[in-house]
Structures are given as structure tokens and as C-alpha cells.
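Listed below are the residues making up each chain.
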Amino acid sequence: MALVRNNRFMNLKLSLPQAPSTSLPCFIPIATASTTVTSNTSNTVSASDLERVNVLGFGSGGTVYKVSHKTTSATYALKKVKEDMDSTSRHQLLREIEILRLVDSPYVVKCHDIYEKPSGEVSILMEYMDLGTLESLRGNVVKEEQLALIARQVLKGLSYLHGLKIVHRDIKPANLLRNSREEVKIADFGVSKIMVKSLDKSNTFTGTCAYMSPERFDSEAADVSEEDKSNVYAGDIWSFGLTMLEILVGHFPLIPHGEKPDWATLMCAVCSGESPKAPEECSEELKSFIDCCLRKKPSERWTASQLLSHPFLLQQD
Ligand SMILES: Nc1ncnc2c1ncn2[C@@H]1O[C@H](COP(=O)(O)OP(=O)(O)OP(=O)(O)O)[C@@H](O)[C@H]1O
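This is a predicted model, so every value here is computed, not measured.

Criteria and thresholds
- Residues numbered from 1 in each chain as written.
- Predicted model: local features only at pLDDT ≥ 70, side-chain atom pairs only at ≥ 80, totals over all residues.
- Heavy atoms only, no water.
- Domains from an automatic or database assignment.
- Contact = heavy atoms within 4.5 Å.
- Buried area = accessible area lost by both parts, 1.4 Å probe.
- Salt bridge = Lys/Arg side-chain N within 4 Å of Asp/Glu carboxyl O.
- Helix = DSSP H or I, 4+ residues; strand = E, 2+ residues; numbered from the N terminus.
- Nonpolar A, V, L, I, M, F, W, Y, C, P; charged D, E, K, R; others polar.
- Core = buried A, V, L, I, M, F, W, Y, C linked by side-chain atoms within 4.5 Å.
- Buried < 20%, exposed > 50% of the residue type's maximum accessible area, 1.4 Å probe, protein only.
- Phe/Tyr/Trp six-rings, centres within 6.5 Å; stacked < 30°, edge-to-face > 60°.
- pLDDT = per-residue confidence, 0-100.
- Pairing = 2+ DSSP bridges.
- UniProt positions renumbered as here; feature names shortened; annotations may be inferred.

Engineer: Would you explain the domain arrangement of the protein in this entry?
Structural biologist: In many analyses, interface size is given as the accessible surface area lost on bringing the parts together. As far as domains go, the protein holds domain 1 (50-127) and domain 2 (132-313). Placing the centre of domain 1 and that of domain 2 at their C-alpha centroids yields a distance of 25 Å. Residue-level contacts link 16 residues of domain 1 with 20 residues of domain 2. Buried area between domain 1 and domain 2, summed over both chains or domains, comes out near 1,600 Å², and the portion from carbon and sulfur atoms is 64%. Considering only the surface of domain 1 that becomes buried against domain 2, R95, I99 and Y107 emerge as the three largest contributors, covering 38% of it. Across the pair K185 and E127 runs a salt bridge whose closest N-O atoms are separated by 2.7 Å. If one sorts the elements of the side of domain 1 that touches domain 2 by residue count, helix α1 (residues 87-102) sits on top with seven residues. Of the residues in the side of domain 1 that touches domain 2, the class split is eight nonpolar, two polar and six charged.

Following this line, the structure appears as C-alpha cells:
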């Protein structure tokens, strides 16, 4: 199945195919007549104890609010999912819930609870990341040590997810959140997938197209082998490498700064052009690190755990 996310900054709108119509899974129990709660932890928070503070942002699937617990004053982020979801969005929500219930890592944004009202309104209570997404770093000068700190945490998150056979499929600055404790965590599992069979080919056209790897962008290309197609985790590494390069240079690296890319330009840049490289003035270690992430052939790209032992990260430890 093909699921495509549009990048809000690049206006690369693609039509979405229909997903099967589906209702929320039965693992969200109906406990009370008002709001119902389920959680992947034992510490459930009642929805009625939460007070809205302000809006943190809007995504394609709904609105995220900063909320405060009335008695403990603890702060959370509450994602209220749109009620009038089409079947594709509902399908994405089901996947996201399935994965959120499974994962528990300091490098993945924690899901505390999931609420469903009898009306069908779904909200997801998450750990609050007070500095927002890595998009806010755009335009800032990011030093190599700072980049290494970010890269190491994202790779630990990816290594954890890949170990659970979860492929994220939408790694980009907007899906990496940070807080003032200098922690960076992976968020947004709307188009992620749990690989059930080892030959499951999940490297189809999924995620935000600007950050898609060559083999995801054009899986029908003659030089994409069957082995490459089934190496699904390598697609996350390409998106990660592009994200790190974007943070370093301050703009989306595949297109000249300030230009608005169209589909054809992007397709050429990803599939036909040379892989983007770290600027000449960077250290040799960083240049090599970016190169190991952005190799065109998935089989030549390093894995998340290999990258964690790359000299760029070791020297910044
Ligand atoms: N846990 C969180 N802590 C703090 N802010 C958050 C949190 N989760 C989301 N946000 C903010 O809310 C915004 C919307 O998040 P959401 O996950 O709905 O959408 P998105 O990932 O930005 O977009 P889309 O779902 O369309 O890809 C984010 O860009 C971020 O600024």
C-alpha cells in the first residue's frame, strides 16, 4: 500500500490511495461513559484531570495541545485526532496506536495514555518536549558536537526500533522532538510499519517524499535489486542522513537554497544526481558519517548500530 505524506514546506502534494475502511481496534477498552483510557504503562492519567494550556501545533491528523495535570501540575502534550478522518488517516492512526503501545525507549517520545470517547474522538497523551521539533534549528549555526549529540540519540532510537522490526518511514526534522535537557526523541509513527515477515517489502512509496531514499522513491528502477527492496531499514538511514545534513547546512540539502522544488527536480536529485555531501569545511569524520548514511545503494548504507560506532560519534563522546 502506498501512503504519502506531504512536506509542509515543500508543497509536494500527491494523491492518497484509499485504505480499507476500519474502526478502532478493540484494545481500546470502553471503561466509562465519558472518556475512556488505555495505556502502555501502569500510570494512567485520567482525561478529566487534564487542563489545556495552549496549542503546540497542527499536524495533518489533528491538533497537539500542551496540557497540565490539575493535581500534580505535570505537563504533557495531548494530540487530539481529527474526528472526521478519512479511511486512510484512520488506518494511519491504528498503526500509530499499535506501535506506541509497543515501544518504550528513552529515545522515542513516550505515550502515556490513549483516550477514546464514545463519540469516537481519540486523543493521545504524550511526553511533553518543550523545545518542539528539530525544524526550529533551521537557520541556526549548529556545531559538530551539537550535531553528534543529536545524531547519537536519533540513532539509538532507530537502532531500538529496527531491533523491534519497526521501520519508521518518515524520519525528518518535523518528526524529531527535543527538550531543554538536550534530549532528542523520535515521534510520529503514523506511516510506520512493523515488519512481520523477513521478506515483507515495505520499501514502497511511503512517508514525506522529500526525505525518501532512492529505492523508496523509485522502487521500479532497473538497478534496484530484490535484496535492496527488502532492506527496508536502510530507507530510515537515508532520511536520517538527509535530516542531519539539513540541520548542519540550515536548509533542505537536495535543492539549491531558496528554490521551490517540483516533483521532477526532486526525483532527479534523489534518484539520478550524486548523493549530497557535507560541506568541504567539515571534519573528515563528519564528511564520512554523512557519506555512510547517504549511499545510493541501500546495501552499502551503514545500519543504525554501525553508525553508532562511527568515528564521528566516537570522537564527540
Ligand atoms: N510530544 C510533543 N511535545 C511538544 N510538542 C509536540 C509534541 N508532539 C507534537 N508537538 C508539536 O505539535 C506539532 C504537530 O504535531 P503532529 O505530530 O500532529 O504533526 P506533524 O508530525 O508536525 O505533522 P504530520 O502529522 O502532518 O506529519 C509538531 O510540529 C510539534 O510542534
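Engineer: What's the story with the nonpolar core in this structure? I'm lost.
Structural biologist: If you look at the biggest cluster of nonpolar residues, it comprises 67 residues, and the most contacted ones within it are V154, F240, M244 and F289. Each of two domains, domain 1 (50-127) and domain 2 (132-313), supplies a minimum of three residues to this core. Leaving out residues up to four positions away in the same chain, V154 has contacts with L176, V184, I186, F240 and M244. Counting eight residues, the second-largest nonpolar core is a separate cluster that includes V45, Y65, V67 and Y76.

Engineer: I keep staring at the packing of aromatic side chains and nothing clicks. Help me out?
Structural biologist: Two descriptors summarise a pair of aromatic rings, namely the distance from one centre to the other and the angle between the planes of the rings. All told, the structure shown has three aromatic pairs when counted by the stated rule. Centre to centre, the rings of Y211 and F252 are 5.3 Å apart; their planes meet at 70 degrees, and the pair counts as edge-to-face. Residue Y211 is located in the loop between β12 (206-208) and α3 (214-217), and its partner F252 is located in the loop between α5 (233-249) and α6 (263-272); the two are separated by 41 residues in the primary sequence. Between F289 and F312, the aromatic rings sit 5.2 Å apart at their centres with planes inclined by 45 degrees, giving tilted as the arrangement. In this pair, F289 sits in helix α7 (residues 284-293) while F312 sits in helix α9 (residues 311-315), placing the two residues 23 residues apart along the sequence. In this pair, the class of F289 matches that of F312, namely buried. Each residue in the set F240, F289 and F312 is aromatic and connected to the rest through ring pairs, giving one cluster.

Engineer: Is there a simple way to explain the pattern of salt bridges in this structure?
Structural biologist: Should the charged atoms of two oppositely charged side chains come close, the side chains can pair. As enumerated under the stated definition, the model contains 13 salt bridges in all. Salt-bridge contacts for D236 lead to R216; the nearest nitrogen and oxygen are separated by 3.7 Å. One end of the pair, D236, is in helix α5; the other, R216, is in helix α3, with 20 residues separating them in the sequence. The pair D236 / R216 is uniform in exposure class, with both members buried. Between E280 and K287 there is a salt bridge, with the nearest N and O atoms lying 3.0 Å from each other. Look at the salt bridges and you will find they share partners, linking E127, R181, E183 and K185 into a network.

Engineer: Quick question: what am I supposed to make of the confidence of the model for the protein here?
Structural biologist: Fine structural detail should not be taken from predicted coordinates in areas where pLDDT scores are low. Residues of the protein with pLDDT of at least 70 account for 79%, and the chain-wide mean is 81. Per-residue pLDDT stays below 50 along residues 1-42; that stretch engages in 122 contacts with residues further than four places along the chain or on separate chains. Across the interfaces of the predicted complex, the ipTM metric reaches 0.95, alongside a pTM of 0.84.

Engineer: So what exactly am I meant to see when it comes to the pairing of strand β7 (residues 122-127) here?
Structural biologist: On a regular strand, one side chain projects to one face of the sheet and the next to the other, so that they alternate. With six of six residues buried, β7 lies mostly within the body of the structure. Inspection of the sheet shows strand β5 (residues 75-81) paired to β7 by five bridges, in the antiparallel sense. Bridge pairing in β7 places A77 opposite M126. Of the strand pairs in this sheet, strand β6 (residues 111-116) and β7 are connected by five bridges, and their pairing is antiparallel. Looking across to β7, one finds that D113 is bridged to L125. Counted along the chain from β6 to the antiparallel partner β7, the turn is five residues long, and its residue G120 has a positive phi close to 105 degrees.

Engineer: Looking at this model, I keep getting lost on the UniProt feature "binding site: ATP" (unreviewed entry) in the protein. Mind explaining?
Structural biologist: The sites that carry the UniProt feature "binding site: ATP" (unreviewed entry) are, in the present numbering, K79. Here K79 is to be found in strand β5. Excluding residues that lie within four positions of it along the chain, K79 makes contacts with T63, V64, E96, V122, S123, I124, M126 and D188.

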